[in-house]
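If you want the building blocks of each chain, they are given just below.
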Amino acid sequence: MTTVLDIPAHEHAVIRVFALDLSPEEAARWSEADGDGPHPLAEALGAEPFDPRFAEIVRLSDIAEMGLPDYLAEGYDVPREELDPFAERLRGLSSHVAVVMSSAFADAAQEVTVRAPLRLVATFQEAGAETPLSGVSAESARGQAPADGTPGPPDDAAAGGRRGVVLTLIALAVLVLLAVAALAGAPR
């Protein structure tokens with residue numbers, strides 16, 4: 001069965017997780033794909049345009065200690081409350097997964113057809129994002145993504161902006177602590 005996903009123009013903050021049903025050798029070829037010709041992930045989705053810099057092939061054995069739910073929460077800013085209903089399914093995956101961010105579709109509206117060796121596992125919205133999830137139009141995708149329009153996965157720019165704010169706050173806190181330490185050590 002195939003799953004058809006409608007990707008709206010300028011979609012942001014959506015993270016899609018696909019099981020990658022390939023041998024470890026073939027999955028490694030996907031993750032090492034260079035700029036020569038179409039990316040295998042783009043071909044499996046029928047996505048054009050597609051920017052592979054915003055997609056990742058994850059070998060699950062590399063993150064076994066952390067686990068895929070924690071990896072998505074920490075690496076992609078997916079809220080825990082979104083991950084919880086999918087946690088068992090995510091932990092049950094083996095070998096490799098493809099994690100595809102909205103930016104991979106280069107702001108272009110497109111209809112992509114998920115074909116083997118890909119299987120859509122879940123769709124998430126980045127923490128703090130207000131964009132509703134794109135529609136899933138295939139019967140085979142029922143129950144794969146929230147149908148109630150609840151927010152999904154993280155947007156690349158938003159995550160970067162939050163990281164910048166956090167780093168600025170940390171720097172300010174360090175400066176305040178240094179100033180207090182200097183005042184406490186000053187002779188009276």
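A brief structural summary.

Conventions adopted
- Residues numbered from 1 in each chain as written.
- Predicted model: local features only at pLDDT ≥ 70, side-chain atom pairs only at ≥ 80, totals over all residues.
- Heavy atoms only, no water.
- Helix = DSSP H or I, 4+ residues; strand = E, 2+ residues; numbered from the N terminus.
- Buried < 20%, exposed > 50% of the residue type's maximum accessible area, 1.4 Å probe, protein only.
- Contact = heavy atoms within 4.5 Å.
- Areas by Shrake-Rupley, 256 points an atom, 1.4 Å probe, with all protein chains shown as cover.
- Polar contact = N/O pair within 3.5 Å; in protein donor to acceptor, adjacent residues only side chain to side chain.
- Core = buried A, V, L, I, M, F, W, Y, C linked by side-chain atoms within 4.5 Å.
- Phe/Tyr/Trp six-rings, centres within 6.5 Å; stacked < 30°, edge-to-face > 60°.
- Pairing = 2+ DSSP bridges.
- Axes fitted to C-alpha atoms, helices over the stretch in contact; angles between N-to-C directions.
- Salt bridge = Lys/Arg side-chain N within 4 Å of Asp/Glu carboxyl O.

### Here we look at the overall build of the protein
In terms of helices and strands, the protein carries six helices and six strands. Along the protein, from the amino end to the carboxyl end, the secondary structure elements read β-β-α-α-β-α-α-α-β-β-β-α. Classification of the 188 residues of the protein by burial places 43% in the buried group. Considering only residue pairs separated by 6 or more positions, the protein has 81% of its internal contacts joining residues 24 or more positions apart. Accessible surface for the protein amounts to roughly 10,200 Å². Of this, 57% is attributable to carbon and sulfur atoms.

### A closer look at the side chain of Arg16
Along the chain, the position of Arg16 falls in strand β2 (residues 14-20). On the basis of relative accessible area, Arg16 is assigned to the buried category, the value being 1%. A polar atom in the side chain of Arg16 sits 2.9 Å from the side chain of Glu11.

### As for the nonpolar core
Phe18, Leu41, Leu45, Phe50 and Leu118 are the most contacted members of the largest nonpolar core, which totals 23 residues. Contributions of two or more residues to this core are made by β1 (3-7), β2, α1 (24-31), α2 (40-45), β3 (55-59), β4 (96-101), β5 (110-114) and β6 (118-125). In terms of residues, this core owes the most to one element, α2, which gives four residues. In this structure Leu41 touches Trp30, Phe50, Ala55, Ile57, Ala98, Val100 and Leu118, once residues within four positions along its chain are discounted. Leu72, Phe86, Val99 and Val121 belong to the second-largest nonpolar core, a separate cluster that totals 22 residues.

### Some remarks on the packing of aromatic side chains
According to the stated counting rule, one finds three aromatic pairs in the structure shown. For the ring pair Phe50 and Phe105, a centre distance of 5.9 Å and an interplane angle of 75 degrees mean the geometry is edge-to-face. Taken together, the residues span a long stretch of sequence, with Phe50 in the loop between α2 and β3 and Phe105 in the loop between β4 and β5 at a distance of 55 residues.

### Thoughts on the sheet that holds β4
Strand order in the open sheet formed by four strands is β3-β4-β2-β6, and the pairing between neighbours is antiparallel. Of all strands in the sheet, those with a lone pairing partner are β3 and β6, marking the two edges. Neighbour-to-neighbour, the strand axes of this sheet turn through a mean angle of 20 degrees, independent of strand direction. Bridge count between β2 and β6: seven bridges; the pairing is antiparallel. Each bridged residue has a counterpart across the sheet, and for Ile15 the counterpart in β6 is Phe124. Against the sheet, α1 makes contact with β2, β3, β4 and β6, and its axis sits at roughly 150 degrees relative to β3, the strand it touches most.

### Things to note about unusual backbone geometry
Cis geometry marks the peptide bond from Glu48 to Pro49, where omega comes out at 5 degrees. Secondary-structure assignment places Pro49 in the loop between α2 and β3. The peptide bond linking Ala116 to Pro117 adopts the cis configuration, its omega dihedral lying at 15 degrees. Among the secondary structure elements, Pro117 is positioned in the loop between β5 and β6. Phi at Ala13 takes a positive value of approximately 75 degrees, unusual for a residue other than glycine.

### Focus on the pattern of salt bridges
Proximity of charged atoms lets side chains of opposite charge pair with each other. According to the stated counting rule, one finds seven salt bridges in the structure shown. Note that Arg29 and Glu26 form a salt bridge whose closest N and O atoms lie 2.8 Å from each other. With Arg29 and Glu26 both in helix α1 and three residues apart, the pair spans about one turn of that helix. Given a relative accessible area of 44%, Arg29 falls into the partly exposed group. Connected via shared salt-bridge partners are Asp70, Glu74 and Arg80.

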